[in-house]
Amino acid sequence: MSQRHLLALFNNFEDAEAAIYELRAADIKGFDFDDLTLKSPIEHHEVEDVLGQRSAKVQWFTLVGALLGGLLGFFLISGAQANFYAQIKGGKPIVPFPPNFVLTFEMFVLGGVFISVLGFLVCAGLPAKRSPLYSAKVSEDQIGILVKADESAIAKIKGVLLNHEALEIQEEAGK
Amino acid sequence: MKDIREDIAWAKINQDVLKSLENPRKLYWVILFCALAAFGVGIGCEVYQYQTGLGVANLNNPYAWGLYISTFIFWIGMSHSGTLLSAILHLMHADWRKPIYRFAEAMTTFSLMTAGLFVMVHIGRLWQFYYSLPYPSERGIWPNFQSPLLWDAMAIFTYLSSSILFLYVGMIPDLAICRDNMHEGWRKKLYTLLSLGWEGTDRQWRNFRVTYLTIACFLSPLAVSVHSIVASDFAMSQQPGWHVTSFPPYFVAGALYSGCSGIITLFIILRYVFKFEEYMTKSILKKIVRLTFAISMIWTYLNAVEFASVWYSNDQASKDILIQKATGTYAPFWWGMIFCGSIVPLTLAFKRAQTNIPVLFAVSLLLNLGMWLERWMIIAPTFSHGYYPWTWDHDQWPSLIQWGMVFGSFGWFTMLFMVFCKVFPSVSMYEVKEMVYHRSLHLKKSETAEQGAH
């Protein structure tokens, strides 16, 4: 069955929250709750209560980036220092740990930051083409609920959204 | 006095900030013109030095660093402003930072860019800068990885690149607002490109929050490490007056101090130039002023610790440097540093002064002068009064070329900063909305509780 997209705009977060609760409870055939997206001009911490746990994975990128950065830093420096045919050390340690810690720390941070940003882009799906159902009002002061559902479910979903004082509903045929 | 009004409409926040990108007050153009002129002077001096040689800077043995490295440390210190406001205060949930952290982050980025220039300028032979980079060459020789100077280069690179990313990532939601509200033209194209297709979905916000917090966690210790490493450039040497254990915390305190006073100066300028009176409120200014006062007292204490430890160490060479500072050629500047850094901030203890904008503007400029003098007074006296008596008659006065370059650096920084504020939103719109939203929620809750009690 063909799927369609709906974008409903709300004046405030409370109305949008109530609509989402009802959509979750309604168990509408042809509509998967995971296909619901909330769009807002600010970050709402409460959104997790409303949408259920949808975890972020950026921290795993951070962990890998920081560890790889630190290890890379340490082994690159040590590799250069261990070139003792060229650099005569005169009894001093070939790979001195205390001073190497400083550069290792810097590389640890560098790797952590760069890979976190990469992780952010991957996890947030950026860069992305703007979806056809985007309203500039969402970046101003309105809350949007974007829903993807079977054509048969659209009327019911629309009913729920209008029930909760949706200001405007945009509709477009999905793929 | 409130940090921000709870009833500001979100649409108005967008309008006010977007207006700042188009219609600043005339003073903006005056500042930009002056900055360009100052930058031109700096460029002229650098070209002359490049063609003629480092001798024109009046730098010679034993006086090797001069104003270039003093000003380098000053700008590195200034960069701590953004990290303090964006990262450290973010981790401490101080939401009053929200309307002002964006420009502080920009300060961080541009002051690091300015500092980096001085490292190259003081080499003299710019074309040999690549010697300091760790690259595999046929000679099999690497830079000395145990040298704080190499740590410095790495730390600054890490700090600069991380700060740019932090500034950019934090700006993405605002860039999307700009994209949605600008008319067709170069601005719209730029914002469309940089906003990466941000739509404010829950998935984007969720990952955004974690990323921003993560980078803040990395930046806080990084900022401390950067200035500790700069301090190690001095403290790890054997030179009298520099070989002091308390240098790293002293440098970090000095950095936060100059960063905070820089924020006060730019806060006042931006508030007027971009008509941000509703967002950069006096209440927020008061909080920064109090923070600056606290840091100034820490800095004063650390100064006293340094003098006392030198005095009681009974190391004659270090003691001589201290006496030289207080009574020798550089005495007026050293006492000027004490006056500007420790006496002038006492003004900030008075409640009336904490919101008096002309007084604060003057005080913040004096504090910055004090902080600049501090860096000069770390460098100059040691070079002119080292271990060997032959160094003692080398009180070298910086040449006009050096002064010109220092002057030019302020022009370069101001130019970058003012252009940034005209192209990108210098007040974070989404964070101000969050602040307004949470405060209005809090107000509603307390009103409901009050009604319940009645």
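Residues numbered from 1 in each chain as written. Chains lettered and ligands numbered in written order. Predicted model: local features only at pLDDT ≥ 70, side-chain atom pairs only at ≥ 80, totals over all residues. Heavy atoms only, no water.

K.L.:
If you had to explain the pattern of salt bridges to someone new, which residues and values would you point to?
P.N.:
Residues and elements named next belong to chain B. Applying the stated criterion across every chain, the model contains 22 salt bridges over all chains. Note that E431 and K98 form a salt bridge whose closest N and O atoms lie 3.9 Å from each other. Linking E431 in helix 15 (residues 429–453) with K98 in the loop between helix 4 (80–91) and helix 5 (101–123), this pair joins segments that are 333 residues apart in sequence. Residue E431 shares its accessibility class with K98, and that shared class is buried. A cluster of three or more residues bridged by salt bridges with shared partners is formed by R5, D7, K12, D16 and E278. (Salt bridge = Lys/Arg side-chain N within 4 Å of Asp/Glu carboxyl O. Helix = DSSP H or I, 4+ residues; strand = E, 2+ residues; numbered from the N terminus. Buried < 20%, exposed > 50% of the residue type's maximum accessible area, 1.4 Å probe, protein only.)

K.L.:
Residues and numbers for the domain arrangement of chain A, please.
P.N.:
Considered domain by domain, chain A is made up of domain 1 (3–55 + 131–173) and domain 2 (58–124). A separation of 45 Å is found between the C-alpha centroids of domain 1 of chain A and domain 2 of chain A. (Domains from an automatic or database assignment.)

K.L.:
Mind laying out the packing of aromatic side chains, listing which residues take part and the relevant values?
P.N.:
Residues and elements named next belong to chain B. All chains considered together, the criterion is met by 51 aromatic pairs over all chains. Ring centres 5.6 Å apart and planes at 90° place the aromatic pair W205 and F208 in the edge-to-face group. Highlighted residues: W205 and F208, both in helix 8 (residues 202–235), separated by three residues, approximately one helical turn. For the pair W205 and F208, a shared accessibility class is recorded, and that class is buried. Residues W334 and W335 carry aromatic rings whose centres are separated by 4.9 Å and whose planes lie at 80° to one another, so their mutual orientation is edge-to-face. Given a relative accessible area of 6%, W334 falls into the buried group. Taken together, the aromatic side chains of Y63, W65, F234, W242, F247, Y250, F251, Y257, W299 and F383 make up a single cluster linked through ring pairs. Against the face of Y272 rests R25, its NZ or CZ located 4.5 Å from the ring centre. The ring centre of Y101 lies 4.6 Å from the NZ or CZ of R97, which sits over that ring. (Phe/Tyr/Trp six-rings, centres within 6.5 Å; stacked < 30°, edge-to-face > 60°. Lys NZ or Arg CZ within 6 Å of the ring centre and 35° of its normal.)

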